[in-house]
Amino acid sequence: LTASIVGCPFSGGQPRPGVDQGPIHLVEAGLIEQLSGLGWKVQFDGHHQFEEINAAADPPIGKLKNPRLVSRVSEAVAKAVGGHAKKGELPVTLGGDHSLAMGTISGTLEAYPEACVVWIDAHADINTVETTDSGNIHGMPVSFLLGIGSAVPEFSWVKPLLKSERIVYIGLRDVDAGEKRILKENNIKAFSMHEVDKYGIGKVVEMALDHVNPKRDRPIHLSFDVDALDPSVAPSTGTPVRGGLTFREGHFICEEIWSSGLLVALDLMEVNPSLADAASVQQTVAIGCSLVRSALGETLL
Ligand SMILES: N[C@@H](CC/C=C/[B-](O)(O)O)C(=O)O
Ligand SMILES: [Mn+2]
Ligand SMILES: [Mn+2]
Ligand SMILES: [Mn+2]
């Protein structure tokens, strides 16, 4: 089994510097050796180099910030992830901000048209051109993947390959008004922290998979935004929100998805190693590595 590390030093989907350093810190913390230790053949041909576009050449489109840069980077990521997936490798994309998921999930769906998406996040990341307040495209990737909201020519490469019944959320607790409307209108299944409290993480993961993968016969793309975890657990991230998943709840999701035997692609996003003191950064990077290991088969016994 080959895991292909897709290191994406990219921060253009959001305003806080540093998240582009996430992949470097995860690899430097020994992630590759850790995965080899689990028996994986690990491919890593260096972090992607995304050349900048100077601001003058990339003015906002409506509210959208860095649109041409975000589009071009995600398109490159789609090709990389799709290429690895088509060769039967398991792409492990290290972010970088969550706008990259426009690329990773496009790549996965090219290779596995029947794949479903399990999105772990405090946020729904489903704002459209019409509903976004911030214009930060890391809050929008799911709308592009679904093909909802008015089209933006610069993003015409993104095909609406994702169906709303093939995505499920766990961990939501900071969803914009417009996003709440979109989730309802599109009947998108979402397990917020309320449901996690009410049913427990075990039942929530079971219900989530029952929704998107009832016969457990569909490939799974797991897109994990570390801000789904409580800030006390993963402090060094750009949009922290209190009342998140515990260390164990986060790991349980990864362990359970692995044990389904259906994982075909993983994103570990929004580790920003520049937002906290050294100990908190180290803690966040370490949990990032730990979640990847759990998603790739590390067990407690
Ligand atoms: N909903 C907010 C926050 C977006 C958060 C994105 B993240 O989940 O990728 O961190 C926005 O649209 O700006
Ligand atoms: Mn490869
Ligand atoms: Mn996100
Ligand atoms: Mn988030």
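Criteria and thresholds
Residues numbered from 1 in each chain as written. Chains lettered and ligands numbered in written order. Predicted model: local features only at pLDDT ≥ 70, side-chain atom pairs only at ≥ 80, totals over all residues. Heavy atoms only, no water. Helix = DSSP H or I, 4+ residues; strand = E, 2+ residues; numbered from the N terminus. Buried < 20%, exposed > 50% of the residue type's maximum accessible area, 1.4 Å probe, protein only. Contact = heavy atoms within 4.5 Å. Pairing = 2+ DSSP bridges. Axes fitted to C-alpha atoms, helices over the stretch in contact; angles between N-to-C directions. Core = buried A, V, L, I, M, F, W, Y, C linked by side-chain atoms within 4.5 Å. Donors = N, O, S within 2.8 Å, 3.2 Å for Na, K, Ca; no water. Tetrahedral: all angles 85-135°; square planar, octahedral: opposite > 155°, others 65-115°.

Draft legend 1. Geometry of the side chain of Asn127. With respect to the secondary-structure elements, Asn127 resides in the loop between strand 4 (116-120) and helix 5 (141-146). Of the residues examined, Asn127 reaches a relative accessible area of 5% and is grouped as buried. Beyond its immediate sequence surroundings of up to four residues, Asn127 is in contact with Thr132, Gly139, Met140, Ser143, Asp176 and Glu179.

Draft legend 2. Spatial organisation of the sheet that holds strand 4. Here eight strands make up an open sheet; going across it, the order is 2-1-3-8-7-4-5-6 and the pairing parallel. Edge positions in the sheet fall to strand 2 (41-43) and strand 6 (189-192), since each of these pairs with one other strand and no more. Each neighbouring strand pair of the sheet contributes to a mean axis angle of 15 degrees, computed without reference to strand direction. Looking at chain direction, strand 3 (residues 90-94) and strand 8 (residues 263-269) are connected through three bridges and run parallel. Residue Val92 lies in a different strand from strand 8, and its bridge partner there is Leu266. Those strands touched by helix 8 (residues 201-212) are strand 4, strand 5 (167-172), strand 6 and strand 7 (220-225), and its axis lies near 160 degrees from that of strand 5.

Draft legend 3. A look at the nonpolar core. By size, the foremost hydrophobic cluster in this structure holds 50 residues, and its most contacted members are Ile170, Leu222 and Leu296. Here this core gets seven residues from one element, more than from any other, and that element is helix 10 (residues 278-295). Once residues within four sequence positions are removed from consideration, Ile170 is found in contact with Trp119, Ile120, Asp121, Phe191, Val196, Ile201, Val204, Val205, Ala208 and Ile253.

Draft legend 4. Looking closely at the coordination of the manganese ion (ligand 4). For the manganese ion (ligand 4), the full set of protein donor atoms is Asp121 (OD), His123 (ND1), Asp225 (OD), Asp227 (OD) and Asp227 (OD), at a range of 2.1 to 2.5 Å. Around the manganese ion (ligand 4), the six donor atoms sit at angles spanning 59 to 168 degrees, and that spread fits a shape best called irregular. The metal-metal distance between the manganese ion (ligand 4) and the manganese ion (ligand 3) is 3.3 Å, with Asp121 coordinating both.

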